[in-house]
Amino acid sequence: MGSTLARPGSLSKPFYTSSMGPAMLKRLEETSYVGCPAYLLEVILLIHAGLYFDPDVDPNSQPSMIFTSAFLSQDSNPLQSPGALLQHIQAFDPYAWAESMQSCYYLADLSMRTALATVFKGAVYLYASRVLSRPRPGAATIPNHFGLPSDHAEVADLIIRKIALIPIEDPHFKCLIWPTFIAGAECRDPVQRPFVLNKLRALYFNITSVNVRNAAWVLSLMWQKQDQKKAEKQQQQQRPTTDIHSHDDNNDDDDDFDWIQELDNSRIDWLFI
């Protein structure tokens, strides 16, 4: 999952290969401390490998999703469009997954496992929608601006509320580094920023990982740039002008802040896992 925040081309080859099967992803799901469900991990691997929506590749040679949802039809193809892939993510059932993991590790109370799965579902949705909304080089037949989905901000608020449900002493708490960073990167309400930093601080003291401290530092820098960008736009709008077309009545430009581009510009490959 750390590769999701690395610059494009910084790795010699994608982690995803056609030889990966459900057994390998399920093994990662059951043995990795990250705690990401295999259903969602597959989406991340495919996005990182760039194996989606390529009009120049024979559809028969493109990979197919290993994991399916009972909420989608059997013949649905999540890789046919950005919207279909986001729908595939939203079709993931945290409750069913939490129950299925009982055979691996039994818990009397599934509430925290379900909360973690919901957090990962939201974080993967935010990450995927952010990546899919960016222009893809060489994909001329695909609209350059898919655009963020209408529920993007709502999902960002949801995962912050779900992260708040998992206490420090719970074993699932240590799995929250990546989704907490994603939540912070997509945070549009400055009031929520101290909460994100406090969670990262608690994670740092819980697992003593310097990457967690770096994650908080990177978020702080990105928030400063986001605030600066918003302030500059507000100043421009306050200047008198005779051009009626130069004034934008929509002051909410938060979604225009491309935090993935900010990571690329930093020229450092972060591994917040």
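Summary of the structure given here. (Residues numbered from 1 in each chain as written. Predicted model: local features only at pLDDT ≥ 70, side-chain atom pairs only at ≥ 80, totals over all residues. Heavy atoms only, no water.)

## Concerning the overall build of the protein chain
Consideration 1: Along the protein chain, the regular secondary structure elements total ten helices and zero strands.
Consideration 2: Counting over 273 residues, the protein chain shows a buried share of 46%.
Consideration 3: Counted over contacts in the protein chain with a minimum sequence separation of 6, partners at least 24 positions apart contribute 72%.
Consideration 4: For the protein chain, the exposed area adds up to about 14,500 Å²; of that, 53% sits on carbon and sulfur atoms. (Helix = DSSP H or I, 4+ residues; strand = E, 2+ residues; numbered from the N terminus. Buried < 20%, exposed > 50% of the residue type's maximum accessible area, 1.4 Å probe, protein only. Contact = heavy atoms within 4.5 Å. Areas by Shrake-Rupley, 256 points an atom, 1.4 Å probe, with all protein chains shown as cover.)

## Overview of the packing of aromatic side chains
Consideration 1: Taken as a whole, this structure holds five aromatic pairs when the rule is applied.
Consideration 2: Considering the side-chain rings of Y39 and F92, the 5.3 Å spacing of their centres and the 40° angle between planes classify their relative orientation as tilted. Pair noted here: Y39 is in helix α2 (residues 38-49) and F92 is in the loop between α3 (82-90) and α4 (94-100), with a separation of 53 residues, a long-range link.
Consideration 3: You can call Y39 buried: its relative accessible area is 7%.
Consideration 4: The class of F92 is buried, set by a relative accessible area of 5%.
Consideration 5: Here the aromatic rings of Y204 and F205 are separated by 5.4 Å at their centres, their planes lie at 70°, and the arrangement is edge-to-face. (Phe/Tyr/Trp six-rings, centres within 6.5 Å; stacked < 30°, edge-to-face > 60°.)

## Here's the deal with helix α7 (residues 177-185)
Consideration 1: Across the nine residues that make up α7, a large majority, nine, are buried.
Consideration 2: Those residues of α7 that fall on the buried side of the exposure criterion are I177, W178, P179, T180, F181, I182, A183, G184 and A185.

## Some words on the packing of helix α8 (residues 193-207) against helix α9 (residues 210-238)
Consideration 1: For the pair α8 and α9, the least separation of the axes is 8 Å and the interaxial angle reads 165°. In terms of axis orientation, α8 runs roughly antiparallel to α9. Classified by chirality, the crossing of α9 by α8 is left-handed. On α9, the residues touching R193, V196, L197, L200, L203, Y204 and I207 of α8 are V210, V212, R213, A215, A216, L219, S220, W223, Q226 and D227.
Consideration 2: A per-class count over the contact of α8 with α9 returns twelve nonpolar, two polar and three charged. (Axes fitted to C-alpha atoms, helices over the stretch in contact; angles between N-to-C directions. Parallel < 35°, antiparallel > 145°, perpendicular 65-115°, else oblique. Left-handed = near helix turned anticlockwise from the far one by under 90°. Nonpolar A, V, L, I, M, F, W, Y, C, P; charged D, E, K, R; others polar.)

## Side note on the environment of A164
Consideration 1: In this structure, A164 sits in the loop between α6 (152-163) and α7.
Consideration 2: For A164, a relative accessible area of 43% puts it in the partly exposed group.
Consideration 3: For the pair A164 and K199, spaced 35 residues apart in sequence, the C-alpha separation works out to 8.5 Å.
Consideration 4: Residues within four places of A164 in sequence aside, it is in contact with F195 and K199.

## A short note on the packing of α6 against α7
Consideration 1: Remark: α6 packs on α7, axes separated minimally by 9 Å, with the N-to-C direction vectors making an angle of 140°. Comparing their axes, α7 and α6 come out oblique. In terms of crossing hand, the pair formed by α6 and α7 is left-handed. Facing I159, I160 and I163 of α6, the residues of α7 in contact are P179, T180 and A183.
Consideration 2: For the contact of α6 with α7, a count of residues per class yields five nonpolar, one polar and no charged.

## Remarks on the environment of P82
Consideration 1: Assignment of secondary structure puts P82 in helix α3.
Consideration 2: Expressed as a C-alpha distance, the spacing of P82 and S129, which sit 47 residues apart in the sequence, is 7.9 Å.

## Some remarks on the pattern of salt bridges
Opposite charge on two side chains allows them to pair when their charged atoms are near.
Consideration 1: Enumeration over the complete set of coordinates arrives at five salt bridges.
Consideration 2: A salt bridge links E262 to K225; its shortest N-O distance comes to 3.1 Å. Of this pair, E262 sits in helix α10 (residues 259-266) while K225 sits in helix α9, and the two are 37 residues apart along the sequence.
Consideration 3: Owing to a relative accessible area of 42%, K225 belongs among the partly exposed residues under this scheme.
Consideration 4: Among the charged side chains, a salt-bridge network with shared partners connects R130, E186 and R188. (Salt bridge = Lys/Arg side-chain N within 4 Å of Asp/Glu carboxyl O.)

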